[in-house]
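Now for the letters of each chain:
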Amino acid sequence: MAVSDHVDLDGFMAGVNRRNPHQPEFVQAVQEVAQDIFEFIADKEDYHEQQILRRIAEPDRVVSFRVCWEDDTGCIRVQRGWRVQNNNAIGPYKGGLRFHSSVNESVLKFLAFEQTFKNALTGLPMGGGKGGSNFNPKGKSKREIMRFCQSFMTELYRHIGPDTDVPAGDIGVGAREIGFMFGQYKRITNQFEGVLTGKSLEFGGSMIRPEATGYGAVYFLANMLAAKDDEISGKTAVISGSGNVATHAAEKIVQLGGKPVTLSDSGGFIHDPEGLTLAKINWVKEHKTHRRGRISDYAKEFTGSTFHEGEAPWNVPCDVALPCATQNELHGDDARALVGNGCIAVSEGANMPSDLEAVRVFKDAKIMFAPGKAANAGGVAISGLEMSQNSERRSWSEEELQIMLKDIMNGIHERCLRFGDQGGGYIDYVKGANIAGFKKVADAMLAFGVV
Ligand code: NDP
Ligand code: 2IT
């Protein structure tokens, strides 16, 4: 087939839209990747002929199932669970589980698609997957969470395995939920194996897994700044979210001499002009994770800080920004406010937090912008190393893993530079990440033929 006969970007996206009705998040994620890939493969016949992007943008399978559980009042509740296994060309499916009322097939398909590129970027042998449920953990008792996790795993276990598909945590799923699910998997299968990551240290978890995503996003930010002979020390950082990723990003910013001034949750954001200290961040971790509290309470606890109900933090002046809550939480106007206030770099701790218009604003302004698939890959990278440790039945030290995390984030930065350097000092990290991630998966798929 001649190159000119190939479907163009608009035709490709029209097909994606047609085949995935009512799945805006998935279409958005494909669109963000497709524009760069079409440019990259313009003169590469094999990728066209073998329909590689078309195949990556069609999950290997989407498993959907019913999850029944009994609440504390004896009522039977019915939720929907999913596992999206997007692509296993370079390794077992790998990616988190999300428990949140907003979870649906579109959200999980976008996350599994993004995960495929992210995992390839780490340099580790991991394919892409994602799963979860529309179960809302807020306000549920510990026993209700346990019963839900057990019921969820009673179906999920038949679709996963240490060399098949290895889930982990994401929004609403932390060490406690992973413990409940691992316990149920072990009970059903009678196998003690590395089928989940993000486990506690007592039963095969890895040091620094909880910290890895947030720390990694800050290391990536430091790498971008270093490429411009700049550093984090002295920088004011605006951060959204107050969960695992946001609190560890804030912690690493403080450790490197920067000043985080905001955090948020679905109720609004807090602004602390004095800057969050390690002690204040520890209070947030305790309050959000163990007491299941709200970020608004921060303003009552620490004088000088304010709570802004129903708002996001993007209008607060800053040098660097780290969106670490959820998808599409940063829109075009927010991006314009950040750029207008002098923000020079954005590192996405969350998956796809900036919408398409916001990404366009950052690119047009030529500020440093690291997409989630590059910046937040530290978490899944340490998950990959947890899998290695489980296979070897040994544990690496915290020091060893800290070095490995930094090395992996450096490697991702270099891969982005290779394909994203636009000359004149501007690096398009979105393009760099998309092409580097795609190329590895695509070349493996070419080797397999049409399967
Ligand atoms: P957590 O559950 O620990 O925290 C989520 C945070 O985001 C909470 O502050 C939550 O507020 C807020 N949030 C969630 N949904 C919404 C919403 N719809 N609107 C506003 N705020 C919201 O999750 P994580 O920190 O683990 O995950 C945060 C992001 O990072 C997600 O995009 C996730 O996919 C991504 N990520 C996570 C990794 C990990 O290792 N955990 C790895 C790579 C990426 P509230 O308490 O009010 O719900
Ligand atoms: O989005 C992500 O990369 C995660 N939630 C972590 C996935 C993992 O397998 O550790």
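Check the entry above for the structure.
Residues numbered from 1 in each chain as written. Chains lettered and ligands numbered in written order. Predicted model: local features only at pLDDT ≥ 70, side-chain atom pairs only at ≥ 80, totals over all residues. Heavy atoms only, no water.

A. Local environment of the packing of aromatic side chains. A full pass over the atoms with the stated rule returns 21 aromatic pairs. When the ring of phenylalanine 99 is compared with that of phenylalanine 135, the centres are 6.1 Å apart and the planes differ by 90°; the resulting orientation is edge-to-face. Of this pair, phenylalanine 99 sits in strand β3 (residues 93-99) while phenylalanine 135 is found in the loop between β4 (127-133) and α6 (142-156), placing the two residues 36 residues apart along the sequence. Of the two residues, phenylalanine 99 and phenylalanine 135, neither departs from the other in class, the shared state being buried. When the centroid spacing of 6.1 Å and the interplanar angle of 75° are considered together, the rings of tryptophan 283 and tyrosine 298 count as edge-to-face. Here tyrosine 298 lies in helix α11 (residues 297-301) and tryptophan 283 lies in helix α10 (residues 278-290), a separation of 15 residues in the sequence. In this structure, lysine 44 is placed above the aromatic ring of phenylalanine 40, and the distance from its NZ or CZ to the ring centre is 4.1 Å. (Phe/Tyr/Trp six-rings, centres within 6.5 Å; stacked < 30°, edge-to-face > 60°. Helix = DSSP H or I, 4+ residues; strand = E, 2+ residues; numbered from the N terminus. Buried < 20%, exposed > 50% of the residue type's maximum accessible area, 1.4 Å probe, protein only. Lys NZ or Arg CZ within 6 Å of the ring centre and 35° of its normal.)

B. Structural context of the site of ligand 1. In the vicinity of ligand 1 there are 26 residues, among which Asp170, Thr213, Ser266, Arg294 and Asn351 approach most closely. Residue lysine 288 places a side-chain N or O atom 3.0 Å away from an oxygen atom belonging to ligand 1. Burial of ligand 1 by the surrounding chains reaches 83%, relative to a free accessible area of 880 Å². By residue class, the composition of the shell around ligand 1 is 5 nonpolar, 13 polar and 8 charged. (Near = heavy atom within 4 Å. Polar contact = N/O pair within 3.5 Å; in protein donor to acceptor, adjacent residues only side chain to side chain. Areas by Shrake-Rupley, 256 points an atom, 1.4 Å probe, with all protein chains shown as cover. Nonpolar A, V, L, I, M, F, W, Y, C, P; charged D, E, K, R; others polar.)

C. Seen up close, the side chain of glutamate 348. Examined against the element boundaries, glutamate 348 turns out to sit in the loop between β12 (345-347) and α13 (356-365). For the buried glutamate 348, which has no salt bridge, the nearest side chain bearing the opposite charge is lysine 373, at an N-O separation of 7.4 Å. Looking at glutamate 348, its side chain comes within polar contact range of the side chain of serine 354, at 2.6 Å. Apart from residues no more than four positions distant in its own chain, glutamate 348 is found in contact with Pro323, Pro353, Ser354, Phe369, Ala370, Pro371, Gly372, Ala375 and Asn376. (Lys, Arg positive; Asp, Glu negative; His and termini not counted. Salt bridge = Lys/Arg side-chain N within 4 Å of Asp/Glu carboxyl O. Contact = heavy atoms within 4.5 Å.)

D. Region of the structure containing the nonpolar core. If you look at the biggest cluster of nonpolar residues, it comprises 54 residues, and the most contacted ones within it are Phe220, Leu221, Leu322 and Ile412. Among the elements that take part in this core, helix α8 (residues 209-226) stands out by supplying 9 residues, more than any other. What leucine 322 contacts, discounting residues up to four positions off in sequence, is Ala217, Val218, Leu221, Ala237, Val238, Ile239, Ser240, Ile253, Trp314 and Ser347. Tyr47, Ile52, Phe438 and Ala442 belong to the second-largest nonpolar core, a separate cluster that totals 38 residues. (Core = buried A, V, L, I, M, F, W, Y, C linked by side-chain atoms within 4.5 Å.)

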